[in-house]
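Examining the three-dimensional arrangement
For reference, the chains in residue letters:
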Amino acid sequence: MKTGALTERVIGKVSDFGPLFDYTVKLVLLASFLELVLYRLLSRLGMHLSKMAATHPWITPTFTTLTEVGAWLLNIVAVLLFLGLTLTMMNRWGGTDSSRLVKSGMIGTALLLVLTVGFLVVQPGMLGAIVYNGLTLVVLTLFVSDYVMTHRETTQRALAITYYLGVSGWLYYQIVSTSYSLMGTIAQPPLAYESHRMGEALMVLASFCAFLAYGKSKSLSLRTKNRQQRNRAIWFWTVTGVTFSALIVVDYLLDRITPGFASAFRQASQGIGWIFQFGMGYTFYLPFAVYVGGLLCWSYTVVKLLTMGRLAGYGIGLMFIAGYALMFSNLTLMVVLGVMLLACDRVKVATAEALSTSAGPMVPASDGLMTGRA
């Protein structure tokens, strides 16, 4: 008797496309993270500490140096993004899983690269910004549609759709606002403010969906017998519990014990929100604990996937490192590359055959009678 057992394996790992692609993707993620910290966040923090610079002379040269390093990293990230997108398109174009949606998306990505280079020579203006953001929306629509069609897990589809709607809120806001400015009208664009706010909320929700789609597993169960998985689960849930408990009670306790320090603490938290607003586009109109929870879920998921060598980790990392407000072209290309890498990571179902014979005398038989293909 012939029985078949279905097994699953992940295809499209970062090591499957050669060493050049492997090192490029890893360098893109590392350089993008450093650019986020040194340029988009610390440079804004230096601006926020301008009053303290009068009494502490070391603040100005320190943050000036960090900002210069971040600006240098910005150019490095742009070059690596061009290389990463080119290698990804070359690997996917001739693949057996390249559908018409994927090829159309790669053609749109190539046009984005051409426009990016062209806008370095000629200022894009309002019309150029509308075309660039509109083309970005089309490219993301094609890649997300392919992802939804090729990934059957409900949580993975929820991640793709939620993230797409979140980024689309920002792109719609930019397109309609720029279009109305180009036309010279003073009328308020329809649903521009609402789409901007809703997009930010969906981006935060997408970070939780990333955890549900790729981070949640048996490794977070405290009942597992695997010591490494149990230690990982203890670490994750301890950090989660301590963080949320601290956020809930710290403001109340400080206000009761030292009201002056509580006021300074609130101003510091507002400063953090201000830094992230200018660095990543989040306005922090939602409760602060929601953003912290989303950051924790995102970071755990990315670290877990990176240790497994899965492209989804690099894709999700780039998608959220780019932030919500895509003010620079390199941030837009970062989102496109992240979505492309996420779509390359998928589970392939393979059939493993197991042959068994019924009880009885062992009689040799020809291969044609005892074997077959599933």
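In case you missed it, the structure is sitting above this.
Residues numbered from 1 in each chain as written. Predicted model: local features only at pLDDT ≥ 70, side-chain atom pairs only at ≥ 80, totals over all residues. Heavy atoms only, no water.

**Re the overall build of the protein chain**
Filter applied, for reference: Helix and strand assignments follow DSSP, with helices taken as H or I runs no shorter than four residues and strands as E runs no shorter than two, numbered in order from the N terminus. Three labels apply to residues, based on accessible area from a 1.4 Å probe with only protein chains included: buried if under 20% of the type maximum, exposed if over 50%, partly exposed otherwise in between. Here, two residues are considered to be in contact whenever any of their heavy atoms come within 4.5 Å of each other. In this description, accessible areas are obtained by the Shrake-Rupley approach with a 1.4 Å probe, and a residue is regarded as covered only by the protein chains that are shown.
From N to C terminus, the protein chain includes 12 helices and two strands. Relative to its full complement of 374 residues, the protein chain shows a buried share of 41%. Counting contacts in the protein chain only where the partners sit at least 6 residues apart, residues at least 24 apart contribute 74% of the total. Here the protein chain displays about 20,500 Å² of accessible surface, and carbon together with sulfur accounts for 67% of that area.

**Describing the packing of aromatic side chains**
Put simply, the test is: In summary, the pairing rule links any two rings of Phe, Tyr or Trp, Trp by its six-membered ring, whose centres are within 6.5 Å, and it sorts them by plane angle into stacked for under 30 degrees, edge-to-face for over 60 and tilted for everything else.
Scanning the model with the defined rule gives nine aromatic pairs in all. Consider the rings of Tyr163 and Phe320, whose centres lie 5.4 Å apart with planes at 65 degrees: the pair is edge-to-face. Of the two residues, Tyr163 sits in helix H5 (residues 154-183) while Phe320 sits in helix H10 (residues 311-321), which places them 157 residues apart along the sequence. Across the pair, Phe320 and Tyr163 agree in class, each one buried. By way of ring pairs, the aromatic residues Trp170, Tyr173, Tyr282, Tyr291 and Tyr324 are connected into one cluster.

**Side note on the nonpolar core**
Put simply, the rule is: Joining through side-chain atoms within 4.5 Å is the link that ties buried Ala, Val, Leu, Ile, Met, Phe, Trp, Tyr and Cys residues into a set, and such a set is a nonpolar core.
Residues Leu159, Tyr163, Tyr214 and Ile316 are the most contacted members of the largest nonpolar core, which totals 70 residues. In terms of residue count, the dominant contributor to this core is helix H11 (residues 329-344) (12 residues). Aside from chain neighbours lying at most four places away, what touches Leu159 is Ala206, Cys209, Ala210, Ala213, Tyr214, Ile316 and Leu342.

**A closer look at the packing of helix H3 (residues 100-121) against H11**
Any two packed helices are characterised by how steeply their axes cross, that is the angle between the axes, and by the distance between the axes. In plain terms, the rule: To get an axis, a line is fitted to the C-alpha atoms, and for a helix only the part in contact is used. The angle between two axes follows their N-to-C directions and goes from 0 to 180 degrees. In what follows, roughly perpendicular refers to angles from 65 to 115 degrees, roughly parallel to angles under 35, roughly antiparallel to angles over 145, and oblique to any angle outside these ranges. The sense of a crossing depends on the near helix, which, turned anticlockwise from the far helix by less than a right angle, makes the crossing left-handed and, turned clockwise, makes it right-handed.
Packing of H3 against H11 leaves a shortest axis separation of 11 Å and a crossing angle of 160 degrees. As judged from the angle between their axes, H3 and H11 are roughly antiparallel. Of the two possible hands of crossing, H3 and H11 adopt the one that is left-handed. Residue-level inspection shows Met106, Thr109, Leu112, Leu113 and Thr116 of H3 in contact with H11, the latter providing Ser329, Leu333, Val336 and Met340.

**Details of the environment of Lys26**
If you trace the backbone, Lys26 turns up in helix H1 (residues 19-48). Measuring from C-alpha to C-alpha, the distance between Lys26 and Tyr314 comes to 7.6 Å, with 288 residues separating the pair along the chain. Those residues in contact with Lys26 that lie beyond four places of it in its chain are Val14 and Tyr314.

**What to know about the pattern of salt bridges**
Two side chains with opposite charge may pair up if their charged atoms get near one another. Quick reminder of the rule: The rule for a salt bridge is simple: a side-chain nitrogen of Lys or Arg has to be within 4 Å of a carboxyl oxygen of Asp or Glu.
Following the criterion strictly, the structure yields three salt bridges and no others. Of the charged contacts, one joins Arg40 and Glu35 as a salt bridge, the two residues approaching to 3.1 Å between their closest N and O atoms. Taken as a pair, Arg40 and Glu35 share a single burial class, namely buried.

**Remarks on a nonpolar patch on the surface**
The criterion, for reference: For patch building, the residue pool is restricted to those with more than 30% relative accessible area and no salt bridge; the joining distance is 9 Å between like charges and 5 Å between nonpolar side chains (Val, Leu, Ile, Met, Phe, Trp, Tyr).
Where nonpolar side chains cluster on the molecular surface, the patch consists of Tyr23, Leu27, Leu30, Phe33 and Leu34 and spans about 500 Å² of accessible area. By secondary structure assignment, the location of Leu27 is in helix H1.

**Here's the deal with unusual backbone geometry**
You will see that Leu191, though not glycine, has its phi angle at about 60 degrees, which is positive. Summarising the element assignment, Leu191 is placed in the loop between H5 and helix H6 (192-215).

**Points about helix H9 (residues 288-308)**
What counts is decided by this rule: By definition here, a helix of n residues has an expected span of 1.5 Å times n minus one.
Taking 1.5 Å per residue as the helical rise, H9 with its 21 residues ought to reach 30 Å, and the 31 Å between its terminal C-alpha atoms agrees with that figure. Taken together, the buried positions of H9 are Tyr291, Gly293, Gly294, Leu296, Cys297, Trp298, Tyr300, Thr301, Val302, Lys304 and Leu305.

**Notes on the environment of Asp22**
As for its position among the elements, Asp22 is in helix H1. Once the C-alpha coordinates of Asp22 and Leu311 are considered, the two residues, 289 residues apart in sequence, prove to be 9.8 Å apart. The contacts of Asp22, once residues within four sequence positions are left out, are Val14 and Ser15.

**Topic: the side chain of Ser195**
Note that Ser195 resides in helix H6. Contact partners of Ser195, with chain neighbours within four places excluded, come to Gly169, Tyr172, Tyr173 and Tyr324.

**A look at the environment of Leu66**
The topology assignment puts Leu66 in helix H2 (residues 59-93). The spacing of Leu66 and Leu38 is 28 residues in sequence and 5.8 Å in space, taken between C-alpha atoms. For Leu66, the contacting residues outside a window of four places in its chain are Leu38 and Leu42.

**Comments concerning the packing of H10 against H11**
As a reminder, the rule being used: Only Asp, Glu, Lys and Arg are considered charged, only Ala, Val, Leu, Ile, Met, Phe, Trp, Tyr, Cys and Pro nonpolar, and every remaining residue, Gly among them, polar.
Direction vectors running N to C along H10 and H11 enclose 155 degrees, while the axes themselves pass 7 Å from each other. On the basis of the axis angle, H10 is roughly antiparallel to H11. Classified by chirality, the crossing of H11 by H10 is left-handed. Of the residues in H11, those in contact with Leu311, Ala312, Tyr314, Gly315, Ile316, Leu318, Met319 and Ile321 of H10 are Met334, Val335, Leu337, Gly338, Val339, Leu341, Leu342 and Cys344. Tallied by class, residues from the contact of H10 with H11 come to 14 nonpolar, two polar and no charged.

**Focus on the state of the cysteines**
Put plainly, a disulfide is one covalent bond tying together the sulfur atoms of two cysteines. Which entries qualify depends on this criterion: By disulfide we mean two sulfur atoms from cysteines, separated by a distance within 2.5 Å.
Under the defined criterion, the tally for this structure stands at zero disulfides. Not engaged in a disulfide, the cysteine Cys297 finds its nearest cysteine sulfur in Cys209; these two sulfurs lie 9.9 Å apart.

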